[in-house]
Amino acid sequence: ARSVIQRYTLRWRIEEFHKSWKSGHCNVEQMQLRSFSAVTRWAMLHANVAARAERLKIMARTTHEASADLELSKYEQKALLLFTKAYKKKTETIPNKVPNIYQAVLWLARLGGHMPNPVKHPPGTITIGRGLERIVPAAQILEMQAEARKVLAEGRKQK
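What counts and what doesn't
Residues numbered from 1 in each chain as written. Predicted model: local features only at pLDDT ≥ 70, side-chain atom pairs only at ≥ 80, totals over all residues. Heavy atoms only, no water. Helix = DSSP H or I, 4+ residues; strand = E, 2+ residues; numbered from the N terminus. Buried < 20%, exposed > 50% of the residue type's maximum accessible area, 1.4 Å probe, protein only. Contact = heavy atoms within 4.5 Å. Areas by Shrake-Rupley, 256 points an atom, 1.4 Å probe, with all protein chains shown as cover. Phe/Tyr/Trp six-rings, centres within 6.5 Å; stacked < 30°, edge-to-face > 60°. Polar contact = N/O pair within 3.5 Å; in protein donor to acceptor, adjacent residues only side chain to side chain. Axes fitted to C-alpha atoms, helices over the stretch in contact; angles between N-to-C directions. Parallel < 35°, antiparallel > 145°, perpendicular 65-115°, else oblique. Left-handed = near helix turned anticlockwise from the far one by under 90°. Nonpolar A, V, L, I, M, F, W, Y, C, P; charged D, E, K, R; others polar. Patch = residues over 30% accessible without salt bridge, like charges linked within 9 Å, V, L, I, M, F, W, Y side chains within 5 Å. Salt bridge = Lys/Arg side-chain N within 4 Å of Asp/Glu carboxyl O.

1. Focus on the overall build of the protein chain
Now for step 1: A count of helical and extended segments in the protein chain gives six helices and zero strands.
Now for step 2: For the protein chain, the sequential pattern of α-helices and β-strands runs α-α-α-α-α-α.
Now for step 3: Along the first, second and third principal axes, the C-alpha atoms of the protein chain reach 70 × 45 × 35 Å.
Now for step 4: Buried residues in the protein chain amount to 35% of all 159 residues.
Now for step 5: Taking the intrachain contacts of the protein chain between residues at least 6 apart in sequence as the baseline, contacts between residues at least 24 apart amount to 58%.
Now for step 6: Accessible surface computed for the protein chain: about 11,300 Å², of which carbon and sulfur atoms make up 57%.

Here you go:
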């Protein structure tokens, strides 16, 4: 009986994942692909995106003080800081490193359109997902720049 109850408590998380995947941020239901293999690949790719946004949402709500290193790569953290500093309020001060997962998710959600307000609910997967859409390409560029600098430095050493 305990096992059944334990599994049933996870039902809401599964429902939230499906909401994010099917009609929320990923919006898989709106795809217009025709072949079974294309639909399967597209759905699996978006399932990963939805799962990541859900995981970030849950971590921000349950493990406030956990390090952002658990979920965000070094380059994603740098991109998040760059975007947050670029779009901060005049009275706001942003530290030079991402403080914890809670703050990182708040910043991500704000980049995705979440308006922080004590009366409103905490950020959801749609705004977190939109924030991820903005920082992931920037993180890839930052990583490529770092790799290019490394290659140039090695080339200079060889001369």
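2. Some points on the environment of Tyr8
Now for step 1: Inspection of the secondary structure puts Tyr8 in helix H1 (residues 2-9).
Now for step 2: Assessed through its relative accessible area of 56%, Tyr8 is described here as exposed.
Now for step 3: Remark: the alpha-carbon pair of Tyr8 and His64, spanning 56 residues in sequence, is separated by 25 Å.

3. Let's talk about the packing of aromatic side chains
Now for step 1: Here the structure, examined in full by the defined rule, presents two aromatic pairs.
Now for step 2: Each ring, one from Phe17 and one from Trp21, has its centre 5.7 Å from the other, and the planes form 15°; the classification is stacked. With a gap of four residues between them, Phe17 and Trp21 both fall in helix H2 (residues 11-22), about one helical turn apart.
Now for step 3: A ring pair is formed by Phe83 and Tyr87, whose centres lie 6.2 Å apart and whose planes are at 15°; its orientation type is stacked.

4. Side note on helix H5 (residues 101-111)
An α-helical turn contains 3.6 residues, so a residue and the one three or four places further along point in the same direction.
Now for step 1: Where H5 is concerned, the buried positions are Ile101, Ala104, Val105, Trp107, Leu108, Ala109 and Leu111.
Now for step 2: For H5, the N-terminal capping position is held by Asn100, with its side-chain oxygen 3.2 Å away from the main-chain nitrogen of Tyr102.
Now for step 3: Of the residues flanking the end of H5, it is Gly113, one or two places downstream, whose phi is positive at about 110°.

5. Remarks on the packing of helix H3 (residues 36-62) against helix H6 (residues 125-158)
When two helices pack together, their arrangement is given by the angle between the helix axes and by the axis-to-axis distance.
Now for step 1: For the pair H3 and H6, interaxial distance at closest approach is 9 Å and the crossing angle is 115°. As summarised for this structure, H3 and H6 are arranged roughly perpendicular, according to the angle between their axes. The chirality of how H3 crosses H6 is right-handed. Here Arg52, Ala53, Glu54, Leu56 and Lys57 of H3 lie close against H6, whose contacting residues are Thr125, Ile128, Gly129, Leu132 and Val136.
Now for step 2: A breakdown of the residues in the contact of H3 with H6 according to their chemical character gives five nonpolar, two polar and three charged.

6. Considerations on the side chain of Glu76
Now for step 1: On the secondary structure map, Glu76 appears in helix H4 (residues 74-86).
Now for step 2: Exposure remark for Glu76: the relative accessible area of 10% places this residue in the buried category.
Now for step 3: Discounting residues that sit within four places of it in the chain, Glu76 has contacts with Arg52, Glu71, Ile135, Val136 and Ala139.

7. Examining a nonpolar patch on the surface
Now for step 1: Together, Leu33, Trp42 and Leu45 make up a nonpolar patch on the protein surface, roughly 280 Å² of accessible area in all.
Now for step 2: The topology assignment puts Leu45 in helix H3.

8. With respect to the side chain of His114
Now for step 1: Among the structural elements, His114 can be located in the loop between H5 and H6.
Now for step 2: Beyond its immediate sequence surroundings of up to four residues, His114 is in contact with Ala109, His121, Pro122, Pro123 and Thr127.

9. A look at the packing of H2 against H3
Now for step 1: In the contact formed by H2 and H3, the axes pass within 9 Å of each other and the chain directions differ by 125°. With respect to H3, the axis of H2 lies oblique. The two elements H2 and H3 cross, and the hand of that crossing is right-handed. Every residue of H3 that contacts H2 at Arg13, Glu16, Phe17, Ser20 and Trp21 is listed here: Ala43, His46, Ala47, Ala50, Ala51, Glu54, Lys57 and Ile58.
Now for step 2: Its residues placed into classes, the contact of H2 with H3 shows seven nonpolar, two polar and four charged.

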